[in-house]
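Given next are the chains, with one letter for each unit.
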Amino acid sequence: MSNEATFISGPLVVTAVLSVTAPIVLIAAGALATVAGVLGLATAPVLREAVQAHPCPAEKPTWLGPLKRRRVLTLLLIAAAGTFGVAAMQVGAASMATSWNNTPAAGLVVSALSVGAVVSGLVYGARTWRGDRRCHLTVLYALSGVLLLATMAAPTMLTLGVAFAAVGLVAGARDAIEQLVLGAASPDHQRTETFAWLTTFMWGGFAVGSATAGRLATSWGTASPFLAAAVLWLIAAAFSAMLRRKALQRSPQTGDFAGLPQETGTGAVGR
């Protein structure tokens with residue numbers, strides 16, 4: 001939720017600051033904030049005090065690590081598709097706002113997406129949901145794609161903001177489930193490395209999504225980034241549906257994987 005809070009406040013701050021200073025100042029401030037955050041994390045006492053809960057098995061390490069496991073790699077690619085879509089939505093919002101001569105409104109529209117995601121994530125984490133997580137992930141990715149297709153028809157910035165909030169209401173729970181499933185699919189001794197790869201794949205997807213959406217908006221119109229993101233999310237839904245159930249639940253006795261339970265827990269990673 002703290003990550004989504006930055007996506008809510010960030011566009012609002014950028015919109016306000018751009019009215020009094022140059023864009024290069026914001027870029028420099030963002031770089032300094034990133035460095036400060038990394039240093040704060042690296043020097044946090046909790047990292048120095050952490051101990052390994054599960055000993056590493058006697059196996060030959062490789063640089064691929066958890067990427068050798070097909071289910072983990074599939075989930076990481078699905079996560080990359082998710083952030084590709086978010087980046088495309090942001091570029092699409094800016095493109096539409098420019099075409100409607102209402103550039104400052106782009107920040108508000110992007111914030112609406114994050115507000116919806118925060119609400120969705122909190123609701124998902126606050127209660128127990130029946131059914132298996134693979135089914136939840138599949139349905140929510142498919143619904144995200146359908147809502148994003150509808151976003152292409154938004155006639156004003158106001159309706160675009162409402163559409164973004166609707167997508168966020170689906171995406172927040174979807175992203176929570178995604179991390180739950182990835183935590184269950186990852187071996188105990190590689191879970192930290194798996195989530196490090198998750199960050200890499202997510203920001204890689206975001207970077208590719210931003211670049212692709214920018215090119216599409218320039219060459220094919222302001223709505224084309226939404227179409228690209230929607231198609232990719234529908235593909236992600238198909239891959240989610242193909243995940244084997246037994247890959248998504250850990251056996252407490254052996255550490256292997258068994259069939260999914262019919263009732264899932266709340267949104268804590270790796271629960």
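Just so it is clear, the structure is predicted and the values come from calculations on it, not from any experiment.

A. Highlighting helix H5 (residues 105-125). When the terminal C-alpha atoms of H5 are compared, their 31 Å separation across 21 residues agrees well with the 30 Å that a helix rising 1.5 Å per residue should span. Counting buried positions along H5 yields 15 of 21 residues, so the element is predominantly enclosed.

B. Here's a closer look at the nonpolar core. By size, the foremost hydrophobic cluster in this structure holds 51 residues, and its most contacted members are Met89, Leu160 and Phe164. For this core, the secondary structure elements donating two or more residues are helix H4 (70-99), H5, helix H6 (133-151), helix H7 (157-185), helix H8 (191-220) and helix H9 (224-242). Looking at this core element by element, the count peaks at 14 residues for H4. Sequence-distant contacts of Met89, defined by excluding residues within four places in its chain, comprise Leu113, Leu148, Phe164, Val167, Phe226 and Trp233.

C. Layout of H9. In this model, H9 (19 residues) spans 28 Å end to end at C-alpha, consistent with the 27 Å of a helix rising 1.5 Å per residue. Looking at H9, one finds that the buried residues are Ser224, Pro225, Phe226, Ala229, Ala230, Trp233, Ala236, Ala237 and Ser240. Where the residues of H9 are buried, they touch H4, H6, H7 and H8.

D. A look at the packing of aromatic side chains. Within the structure shown, the criterion is met by four aromatic pairs. With 5.9 Å between their ring centres and 10° between their planes, Tyr124 and Trp129 make a pair best called stacked. With a relative accessible area of 4%, Tyr124 lands in the buried category. With centroids separated by 5.9 Å and ring planes inclined at 80°, the aromatic side chains of Phe164 and Phe226 adopt a geometry described as edge-to-face. Taken together, the residues span a long stretch of sequence, with Phe164 in helix H7 and Phe226 in helix H9 at a distance of 62 residues. The exposure classification of Phe164 matches that of Phe226, with both residues buried. Directly above the aromatic system of Tyr141 lies the positively charged group of Arg174, at a separation of 4.4 Å from the ring centroid. Taking NZ or CZ as reference, Arg174 lies 4.5 Å from the ring centre of Trp233, over its face.

E. Inspection of unusual backbone geometry at higher detail. Located in the positive-phi region is Asn101, a residue other than glycine, with phi close to 55°. For Asn101, the position within the fold is in the loop between H4 and H5.

F. Local environment of the environment of Met152. With respect to the helices and strands, Met152 occurs in the loop between H6 and H7. Taking the relative accessible area as the measure of exposure, Met152 reaches 28% and is therefore partly exposed. For the pair Met152 and Leu227, spaced 75 residues apart in the sequence, the C-alpha separation amounts to 7.3 Å. Setting aside its immediate chain neighbours within four residues, Met152 contacts Met96, Ala223, Phe226 and Leu227.

G. Just the packing of H5 against H7, in detail. Orientation of H5 relative to H7, taken along the N-to-C sense of each, is 40°, at an axis distance of 6 Å. On the basis of their axis angle, the class for H5 and H7 is oblique. In this structure, H5 meets H7 at a crossing whose hand is right-handed. Among the residues making up the contact of H5 with H7, the classes are represented as 20 nonpolar, six polar and no charged.

Parameters at a glance
- Residues numbered from 1 in each chain as written.
- Predicted model: local features only at pLDDT ≥ 70, side-chain atom pairs only at ≥ 80, totals over all residues.
- Heavy atoms only, no water.
- Helix = DSSP H or I, 4+ residues; strand = E, 2+ residues; numbered from the N terminus.
- Expected span 1.5 Å × (residues − 1).
- Buried < 20%, exposed > 50% of the residue type's maximum accessible area, 1.4 Å probe, protein only.
- Core = buried A, V, L, I, M, F, W, Y, C linked by side-chain atoms within 4.5 Å.
- Contact = heavy atoms within 4.5 Å.
- Phe/Tyr/Trp six-rings, centres within 6.5 Å; stacked < 30°, edge-to-face > 60°.
- Lys NZ or Arg CZ within 6 Å of the ring centre and 35° of its normal.
- Axes fitted to C-alpha atoms, helices over the stretch in contact; angles between N-to-C directions.
- Parallel < 35°, antiparallel > 145°, perpendicular 65-115°, else oblique.
- Left-handed = near helix turned anticlockwise from the far one by under 90°.
- Nonpolar A, V, L, I, M, F, W, Y, C, P; charged D, E, K, R; others polar.

By themselves, these figures tell us nothing about what the structure is for.
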